[in-house]
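So you can see what is in the structure, the chains are spelled out below.
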Amino acid sequence: MRRQQTIAGPAMCAGVGVHSGSHVRMVLSPAPVDTGIVFVRSDVRGVPSNSIAAHADSVSETRNCTTIRNASGVELATIEHLMSACAGLGIDNLIVEVDGPEVPILDGSSAQFVQVLLNAGVKQQVAPRQVIRILEPIEVRMGAKSAALLPSEGYDGLDMDVTIRFADPAIGTQRRRVHLSPETFLTEIADARTFGFLADVETMRAAGLGLGASMANAVVVDSGRVVNPEGLRFDDEFVRHKMLDAVGDLSLAGAPICGRFVADQPGHALNARLVRALLDTPEAWCWENGEAPETVREAQPALAAAVR
């Protein structure tokens, strides 16, 4: 039986918010069993609560990132890359204090969050970990985009099958399938960076978005080419990053999901709609004690390949 996990000690990192452009400092601390991932806006005072549970019930915005809000109206944006790192490493309980409106973007992937978490150490706790096992198909659509959670066949975890389609030939159509585990997260997903189009920069900044974006934290695409001098980390880095986002967004269900995730052109809004459909259809899934998959410690030799 897999047990819940937190980190062994506190950790800290700092950086710019990709949309706000604000410099933010983030402190991560161990949390007791059954806490979940809880964010605290340490810069916000004078409200009934400045803490926000990382759960689908807290999602307030999904345009360009995932934003959560509490009953006091306190918000925090761009949580998905840190959530992906926690889910990928199997960290269930964590307190995250942030002194600004947004989680720092760091290099645009989850790799540096993984580094921070592993440097703090992953600590097993006494309580068993519960997982959500998919029993019946759940599917959502947004126009031509679709995402589904299906019962798993032959794999006791999250089996991801993601396709993306972009008109720009630098991306085109890409598809990847990954059986999610700490090792595959480290080697195939964690290092994939967020991306955007040079033609969209002025429009985004006029809307107050992307104020902290740069080639230091995003892959920039322009008319069939990747602008970044260093190029891509993977030939299919774009679809891998969509998988990274999905791992973080799906973790807002409140527990790891055991089943198949099949998506065509996913994004934060579609992912959030799928998690909401999951929680609103309790007959399609059940709680189950998680079996012990490969541990993070066993997967750690892969860190060198995942974090550059």
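The paragraphs below set out a description of the structure included in this document. (Residues numbered from 1 in each chain as written. Predicted model: local features only at pLDDT ≥ 70, side-chain atom pairs only at ≥ 80, totals over all residues. Heavy atoms only, no water.)

### Notes on the side chain of glutamine 265
Part 1 of the reasoning: Position of glutamine 265 among the secondary structure elements: in the loop between β19 (257-264) and α6 (268-279).
Part 2 of the reasoning: For glutamine 265, a relative accessible area of 19% translates into the label buried.
Part 3 of the reasoning: Of note is the side chain of glutamine 265, whose polar atom sits 3.4 Å from the side chain of aspartate 264. (Helix = DSSP H or I, 4+ residues; strand = E, 2+ residues; numbered from the N terminus. Buried < 20%, exposed > 50% of the residue type's maximum accessible area, 1.4 Å probe, protein only. Polar contact = N/O pair within 3.5 Å; in protein donor to acceptor, adjacent residues only side chain to side chain.)

### Description of the nonpolar core
Part 1 of the reasoning: Counting residues in hydrophobic clusters, the biggest one holds 75 residues, and the most contacted among them are Phe39 and Phe261.
Part 2 of the reasoning: In terms of residue count, the dominant contributor to this core is helix α5 (residues 237-250) (7 residues).
Part 3 of the reasoning: With residues up to four places along the chain from it excluded, the contact list for phenylalanine 261 reads Ala147, Ala148, Leu149, Leu158, Asp159, Met160, Asp161, Val162, Ala246, Leu250, Asn271 and Leu274. (Core = buried A, V, L, I, M, F, W, Y, C linked by side-chain atoms within 4.5 Å. Contact = heavy atoms within 4.5 Å.)

### A short note on the pairing of strand β13 (residues 145-150)
Part 1 of the reasoning: In this sheet, β13 lies alongside strand β12 (residues 138-142) in antiparallel orientation, the contact comprising 5 bridges. Pairing of isoleucine 138 across the sheet is with leucine 149, part of β13.
Part 2 of the reasoning: Where β12 hands over to β13, the hairpin turn is made up of 2 residues, of which glycine 143 adopts a positive phi near 65°.
Part 3 of the reasoning: Judged from the 5 bridges that link them, β13 and β19 form a sheet pairing that is antiparallel. Residue pairing in the sheet places alanine 148 in a bridge with valine 262 of β19. (Pairing = 2+ DSSP bridges.)

### Thoughts on the packing of helix α3 (residues 182-189) against α5
Part 1 of the reasoning: Orientation of α3 relative to α5, taken along the N-to-C sense of each, is 140°, at an axis distance of 10 Å. It follows that α3 is oblique to α5 by the angle criterion. Between α3 and α5, the residues in contact are Phe185, Thr187, Glu188 and Ile189 and Arg240, Met243, Leu244 and Val247, respectively.
Part 2 of the reasoning: Across the contact of α3 with α5, the residue classes tally to 5 nonpolar, 1 polar and 2 charged. (Axes fitted to C-alpha atoms, helices over the stretch in contact; angles between N-to-C directions. Parallel < 35°, antiparallel > 145°, perpendicular 65-115°, else oblique. Nonpolar A, V, L, I, M, F, W, Y, C, P; charged D, E, K, R; others polar.)

### Quick look at the pattern of salt bridges
Part 1 of the reasoning: Within the structure shown, the criterion is met by 21 salt bridges.
Part 2 of the reasoning: Among the salt bridges present, the one from arginine 276 reaches aspartate 280, with a minimum N-O distance of 3.4 Å. (Salt bridge = Lys/Arg side-chain N within 4 Å of Asp/Glu carboxyl O.)

### Describing the sheet that holds strand β18 (residues 225-226)
Part 1 of the reasoning: Taking strand neighbours across the sheet as the criterion, the 3 strands line up as β16-β17-β18 in an open arrangement whose pairing is mixed. Bordering the open sheet on either side are β16 (195-197) and β18, each of which pairs with just one other strand.
Part 2 of the reasoning: Inspection of the sheet shows strand β17 (residues 219-222) paired to β18 by 2 bridges, in the antiparallel sense. Note that in β18 the partner of aspartate 222 across the bridge is arginine 225.

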